[in-house]
Amino acid sequence: MVRWILRVLVALGLLGSALVHWVVWLDWARYMDVVGPLFLVNVVAGAVIALAVLVWRHWLPALAAVGFGLATLGAYVLSLTVGFFGVQEQFATQEEVWGVVTEVACVVFGLALLVPGKVTAAKESGRV
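Cut-offs applied
Residues numbered from 1 in each chain as written. Predicted model: local features only at pLDDT ≥ 70, side-chain atom pairs only at ≥ 80, totals over all residues. Heavy atoms only, no water. Helix = DSSP H or I, 4+ residues; strand = E, 2+ residues; numbered from the N terminus. Contact = heavy atoms within 4.5 Å. Axes fitted to C-alpha atoms, helices over the stretch in contact; angles between N-to-C directions. Parallel < 35°, antiparallel > 145°, perpendicular 65-115°, else oblique. Left-handed = near helix turned anticlockwise from the far one by under 90°. Nonpolar A, V, L, I, M, F, W, Y, C, P; charged D, E, K, R; others polar. Buried < 20%, exposed > 50% of the residue type's maximum accessible area, 1.4 Å probe, protein only.

**Details of the environment of Phe85**
Phase 1: For Phe85, the location among the structural elements is in the loop between helix H3 (59–81) and helix H4 (94–114).
Phase 2: With 10 residues separating them in the primary sequence, Phe85 and Ala75 have C-alpha atoms 9.7 Å apart.
Phase 3: In contact with Phe85, other than residues within four places in its own chain, are Met32, Val34, Val35 and Leu38.

Following this line, the structure appears as structure tokens:
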């Protein structure tokens, strides 16, 4: 049961990040040469990885979710500090807050999902 909840939380984080990037793409990112297409890649990748996390019982989708979250957060931190392909952010909008929340969820819950199932099952039964 815990593993299924983790899968759902990872998928929600991925889909949330994809939605945030879709909204921002519609708002302004589609006019940017490099960042615009990267936002669309994020939208598609978030949806595809979310589907994989839910249907494929393997460690690769969880690892992909962690990588997705870290890469997206890394690009955002660059945009806050030195700029990212001409974009300089200021952490001032709701989309930025929700983007960070959903991407942290991808990383945290994705890492939890990577913990071997036997360890999680043992904790649930009280043996550990």
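**Description of the packing of helix H1 (residues 2–27) against H4**
Phase 1: Interaxial distance between H1 and H4 falls to 8 Å at its minimum, and their mutual angle equals 150 degrees. Classified by the angle their axes make, H1 and H4 are roughly antiparallel. At the point where H1 passes H4, the crossing takes the left-handed sense.
Phase 2: Residue composition of the contact of H1 with H4, by class: 13 nonpolar, seven polar and four charged.

**Here we look at the packing of H1 against H3**
Phase 1: Packing of H1 against H3 leaves a shortest axis separation of 11 Å and a crossing angle of 35 degrees. For the pair H1 and H3, the sense of crossing is left-handed. On H3, the residues that touch Val10, Leu14, Ser17 and His21 of H1 are Ala65, Phe68 and Thr72.
Phase 2: Along the lines of polarity and charge, the residues of the contact of H1 with H3 split into four nonpolar, three polar and no charged.

**What to know about the side chain of Thr102**
Phase 1: Tracing the backbone shows Thr102 in helix H4.
Phase 2: The class of Thr102 is buried, set by a relative accessible area of 10%.
Phase 3: In this structure, Thr102 is in contact with Gly13, Gly16 and Ser17, ignoring residues within four places of it in sequence.

Nothing here speaks to function; it is all geometry.
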